[in-house]
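Tertiary structure, described
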Amino acid sequence: MDRLTKRSQRVIFRIFLVLILSGSLHQAIAQHIMVRGRVHQKDINLIGASIILEGTTLGVSANEQGNFTFLLEPGIYSIAVSFTGYLTKTITFVVQKPE
């Protein structure tokens, strides 16, 4: 009987752990908002431009269309956009919770 009880406890613990982890993952994803941008000058896409989220180690590069994306929580952010031969441009923006 003790063996069955211990086994049942382990199964219940595993199910509980999976539910907690699933809920945490869902909350972590749900709190992030996709921020998109495009780096270009007139009609020229600046492929490979660096976009750095200031105050963090997060950064991305613009793709072939000059597009980039970040997943961010609501808040105020600044990004530094740089490309060889151009001055670095810093842009501040607000990410709001969707209503």
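Each chain carries its own residue numbering, running from 1 in the direction its sequence is written. With the structure being a predicted model, the display of local features is reserved for residues of pLDDT at least 70 and the display and counting of side-chain atom pairs for 80 or more, all residues being used for whole-chain, interface and lining totals. Values shown for side chains rest on all heavy atoms present in the structure; no hydrogens or waters enter the calculation.

Observations regarding the overall build of the protein chain
Each helix corresponds to a stretch of at least 4 residues labelled H or I by DSSP, and each strand to a stretch of at least 2 residues labelled E; elements are numbered beginning at the N terminus. Helices and strands together make up the secondary structure of the protein chain, namely one helix and eight strands. Mapped from its N terminus to its C terminus, the protein chain presents α and β elements in the order α-β-β-β-β-β-β-β-β. Within the protein chain, buried positions represent 20% of all 99 residues. Values of accessible area rely on a 1.4 Å probe in the Shrake-Rupley scheme; residue burial ignores everything except the protein chains shown. Carbon and sulfur atoms make up 59% of the accessible area of the protein chain, which totals about 8,100 Å². Exposed residues in this analysis have more than 50% of their type's maximum accessible area, buried residues have under 20%, and partly exposed residues fall in between, with area computed by a 1.4 Å probe over protein chains only.

Re the sheet that holds strand S7 (residues 75–82)
Paired strands are those between which DSSP finds at least two bridges. The four strands are arranged S5-S4-S7-S8 in an open sheet whose pairing can be described as antiparallel. Two strands in the sheet have a free side with no partner beyond their single neighbour: strand S5 (59–61) and strand S8 (89–95). Here the average twist between neighbouring strands, direction ignored, is 25°. Pairing analysis gives four bridges linking strand S4 (residues 50–53) to S7, with the strands arranged antiparallel. Along S7, the bridge assignment pairs Ser50 with Ser82. Axis definition: a line fitted to C-alpha atoms, over the contacting stretch in the case of helices. Angles run 0 to 180 degrees between N-to-C directions.

Here we look at the nonpolar core
Take the buried Ala, Val, Leu, Ile, Met, Phe, Trp, Tyr and Cys residues and link them wherever side-chain atoms come within 4.5 Å; each set so joined is a nonpolar core. Counting residues in hydrophobic clusters, the biggest one holds 16 residues, and the most contacted among them are Val39, Ile51, Phe70, Leu72, Ile79, Phe93 and Val95. Note on definitions: a residue-residue contact is assigned when non-hydrogen atoms from the two residues lie within 4.5 Å. Sequence-distant contacts of Phe70, that is, excluding residues within four places in its chain, are made with Ile33, Met34, Val35, Ile51, Leu53, Leu58, Gly59, Val60 and Ile79.

Brief notes about the packing of aromatic side chains
Side-chain rings of Phe, Tyr and Trp (the six-membered ring for Trp) are treated as a pair once their centres are within 6.5 Å; stacked means planes under 30 degrees apart, edge-to-face means over 60, and tilted covers the remaining angles. Across all of its chains, the model carries three aromatic pairs by this definition. Between the aromatic rings of Phe68 and Phe70, the centroid separation amounts to 6.2 Å while the plane-to-plane angle is 75°, which identifies the pairing as edge-to-face. Residues Phe68 and Phe70 agree in their burial class; the two are buried.

A closer look at the side chain of Ser78
Here Ser78 is to be found in strand S7. A 3.5 Å cut-off defines polar contacts: any pair of N or O atoms within that distance qualifies, except that in protein one atom must be a possible hydrogen donor and the other a possible acceptor, and neighbouring residues in sequence count only when both atoms are side-chain atoms. For Ser78, the side chain forms a polar contact with the side chain of Thr92, separated by 2.8 Å. When neighbours within four sequence positions are excluded, Ser78 is seen to be in contact with Ile52, Leu53, Glu54, Thr90, Ile91 and Thr92.

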